[in-house]
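# Coordinate inspection notes
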Amino acid sequence: MFRQRSGSLPLAVAAILALTLTSCGVATGLGGDPETISGIPLASEVSATADPRSFAGELSLELVDDPVDPVTTDPVPQLPAVVTDNQGTVVEVADVSRILPLDVYGALSRIVFELGLGDNVIGRDVSSAFPEISDRPLVTQDGHQLNAEAILALDPSVIITDTSLGPWDVILQLRDAGIPVVVVDSHRSPDNVEALTHSVADGLGVPELGRELGERTRAKIVETEESIASIVPGSETARLRTVFLYARGSAGVYYMFGQDSGADELITAAGGYDVSTEVGWKGAKPANDEGLIAAQPDVIVMMSKGLESVGGVDGLLEKFPALAQTPAGANQRVVAMNDDLVLSFGTRTPAVLNALAVALYAPDAL
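Residues numbered from 1 in each chain as written. Predicted model: local features only at pLDDT ≥ 70, side-chain atom pairs only at ≥ 80, totals over all residues. Heavy atoms only, no water.

Turning to the pairing of strand S13 (residues 253-257), a few remarks are in order. By the bridge criterion, five bridges tie strand S12 (residues 241-248) to S13 in an arrangement that is antiparallel. Residue pairing in the sheet places Arg 248 in a bridge with Val 253 of S13. Where S13 and strand S15 (residues 284-286) come together, three bridges link them in antiparallel fashion. In the sheet register, Tyr 255 faces S15, and the bridge partner there is Pro 286. (Pairing = 2+ DSSP bridges. Helix = DSSP H or I, 4+ residues; strand = E, 2+ residues; numbered from the N terminus.)

Structure (structure tokens):
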């Protein structure tokens with residue numbers, strides 16, 4: 001699903017839009033009923049826009065919640081499981097009856113459910129919002145802050161986490177309380193989804209299921225990448241210059257995500273041109289007019305709630321007036337996607353890559 005909005009555009013652009021779009025309407029460009037991934041047409045079944053740089057307006061993508069598809073409904077963990085986690089800590093897990101998966105992306109909880117151990121999950125972080133887990137109590141507060149009291153009250157038998165949530169003292173407190181804590185890699189990209197799945201499964205005593213789920217996810221990613229290739233320009237110079245902007249307007253937080261943030265690999269995998277590599281942004285840097293002008297993006301990618309928090313595209317242009325001097329600002333070209341999915345890089349990775357690629361190169365199909 002998606003919503004399309006057009007703001008206060010230059011008259012010439014508005015005239016073009018009047019012929020092709022309505023402010024909240026649908027421009028399908030499709031015949032028949034195409035195959036979809038999470039409600040978005042499959043890239044290989046749509047036609048690329050002749051000039052993707054000419055498209056104007058915001059696309060707000062709302063990927064539907066695909067049901068959890070566990071590799072088995074009756075897993076038999078081999079316990080105790082002894083693993084060396086990503087920090088080099090040897091952890092022994094003797095009980096997986098009360099699992100607490102926690103990360104800023106919501107990816108770890110989805111992996112646990114797809115391993116068939118969803119019934120054993122006792123709580124969730126704020127990013128874990130898919131229907132099957134939505135009735136579990138939250139253990140994060142003020143966004144992504146871990147709440148030690150809430151976690152201890154759930155009496156977890158094992159915690160699967162990474163370093164994306166804090167404060168880290170809470171993790172140390174949980175370890176001191178005798179809870180096995182398995183820390184996995186916090187880096188996210190399409191290339192390490194399989195390894196991440198293995199790490200989670202190994203810590204829960206189901207390594208073979210982890211291999212099966214990892215291979216299944218990798219196969220779907222490869223299939224999606226092949227589908228995306230049908231609409232992505234072959235020449236790098238023809239690809240859309242893309243920037244990932246993280247915003248929380250109420251807190252005055254505005255960051256441009258660059259190299260090694262995960263956003264760079266998302267953009268590249270979806271067929272965009274990652275500007276951060278060109279201008280040397282690393283990690284997350286405060287956004288400013290100078291940086292946006294230097295980047296000259298054709299498209300800005302954001303989280304849906306982030307864009308909403310700044311008052312939409314109009315609010316973004318008000319915050320960064322110089323953005324109007326870029327193609328993305330002049331065309332109000334912003335692609336927004338579910339906060340809990342866009343950088344998750346878990347089993348939903350194929351859906352995210354497909355959605356972004358279609359929004360970049362076949363927006364008329366949405």
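Read on, since the account is not over.
This part covers the pairing of strand S17 (residues 334-337). What you see with S17 is no split at all: Val 334 and Ala 336 on one side and Val 335 and Met 337 on the other are buried throughout. For strand S4 (residues 58-61) and S17, the ladder comprises two bridges, and the chain directions are parallel. Bridging across to S17, Leu 59 finds its partner in Val 335. Where strand S16 (residues 299-303) and S17 come together, four bridges link them in parallel fashion. Looking at S17, one finds that Val 301 is bridged to Val 335. (Buried < 20%, exposed > 50% of the residue type's maximum accessible area, 1.4 Å probe, protein only.)

This part takes up the sheet that holds strand S7 (residues 99-102). One open sheet holds the three strands; their spatial order is S7-S10-S11, and the pairing between them is parallel. A single partner strand is all that each edge strand has here, and the edge strands are S7 and strand S11 (181-183). The average angle at which neighbouring strand axes cross in this sheet is 15 degrees, direction not considered. In this sheet, strand S10 (residues 158-161) lies alongside S7 in parallel orientation, the contact comprising four bridges. Bridge pairing in S10 places Leu 100 opposite Ile 159. The strands that helix H2 (residues 107-117) touches are S7 and S10; relative to S7, the one it contacts most, it runs at about 140 degrees. With respect to the sheet, helix H4 (residues 168-176) is in contact with S10 and S11, its orientation differing from that of S11 by roughly 140 degrees. (Axes fitted to C-alpha atoms, helices over the stretch in contact; angles between N-to-C directions. Contact = heavy atoms within 4.5 Å.)

Below, the discussion takes up a negative patch on the surface. A cluster of like negative charges, contributed by Glu 35, Glu 45, Glu 223 and Glu 226, occupies part of the molecular surface. Within the secondary structure, Glu 35 is located in the loop between helix H1 (11-20) and strand S2 (36-37). Looking at Glu 35, the relative accessible area reads 45%, which means it is partly exposed. (Patch = residues over 30% accessible without salt bridge, like charges linked within 9 Å, V, L, I, M, F, W, Y side chains within 5 Å. Areas by Shrake-Rupley, 256 points an atom, 1.4 Å probe, with all protein chains shown as cover. Salt bridge = Lys/Arg side-chain N within 4 Å of Asp/Glu carboxyl O. Lys, Arg positive; Asp, Glu negative; His and termini not counted. Charge placed at Lys NZ, Arg CZ, Asp CG, Glu CD.)

Let us look at H2. With respect to burial, H2 is a largely interior element, ten of its eleven residues being buried. What H2 keeps buried is the set Ala 107, Leu 108, Ser 109, Arg 110, Ile 111, Val 112, Phe 113, Glu 114, Leu 115 and Leu 117. In this structure, the buried residues of H2 make contact with S7, S10, helix H5 (193-203) and helix H6 (207-228).

Attention now moves to the packing of aromatic side chains. With the rule as written, the count across this model stands at four aromatic pairs. Consider the rings of Phe 244 and Phe 257, whose centres lie 5.4 Å apart with planes at 15 degrees: the pair is stacked. Remark: Phe 257 occurs in strand S13 and Phe 244 occurs in strand S12; sequence separation between them is 13 residues. When the ring of Tyr 246 is compared with that of Phe 257, the centres are 5.6 Å apart and the planes differ by 5 degrees; the resulting orientation is stacked. Here Tyr 246 is found in strand S12, whereas its partner Phe 257 is found in strand S13, with eleven residues between them in sequence. Members of the aromatic cluster, each reached through a chain of ring pairs, are Phe 244, Tyr 246 and Phe 257. (Phe/Tyr/Trp six-rings, centres within 6.5 Å; stacked < 30°, edge-to-face > 60°.)

Now for the layout of surface pockets. Counted as a void, the second largest pocket has a volume near 440 Å³. For the second largest pocket, the lining is made up of 20 residues, of which Ile 37, Asp 66, Lys 220, Thr 347 and Pro 350 are closest to its centre. Listing elements by their share of the lining of the second largest pocket, those giving two or more residues are S2, H2, H6 and helix H13 (349-361). In terms of residues, the lining of the second largest pocket owes the most to one element, H6, which gives seven residues. (1 Å grid on protein atoms, 1.4 Å probe; cavity = no way out; pocket = protein on both sides within 12 Å on 5 of 7 lines; lining within 4 Å. Points joined across faces, edges and corners; volume = space filled by probe spheres on them.)

It is worth spelling out the side chain of Arg 333 at this point. Checked against the element boundaries, Arg 333 lands in the loop between helix H12 (327-330) and S17. No salt bridge is formed by the buried Arg 333, whose closest oppositely charged neighbour, Asp 298, lies at an N-O distance of 7.3 Å. If we skip the residues at most four places from it in the chain, Arg 333 touches Pro 52, Phe 55, Gly 57, Leu 240, Asp 298, Val 299, Ile 300, Ala 328, Ala 359, Leu 360 and Pro 363.

So, about empty space enclosed by the protein. Counted by the stated rule, this structure contains one cavity of 30 Å³ or more. Considered as a void within the structure, the largest cavity measures approximately 30 Å³ in volume. Together, Ile 300, Val 313, Leu 317, Leu 323, Ala 328, Gly 329, Gln 332, Arg 333 and Val 334 line the largest cavity. Of all the secondary-structure elements, those providing two or more residues to the lining of the largest cavity are helix H11 (312-319) and H12.

Let us now look at the pattern of salt bridges. Counted under the stated rule, the structure contains twelve salt bridges. Put simply, Asp 85 and Arg 175 hold a salt bridge, and the shortest N to O gap is 3.1 Å. Remark: Arg 175 occurs in helix H4 and Asp 85 occurs in the loop between strand S5 (81-84) and strand S6 (90-93); sequence separation between them is 90 residues. Residue Asp 135 pairs with Arg 136 through a salt bridge whose shortest N-O separation is 2.7 Å. Judged by relative accessible area, which is 61%, Asp 135 ranks as exposed.

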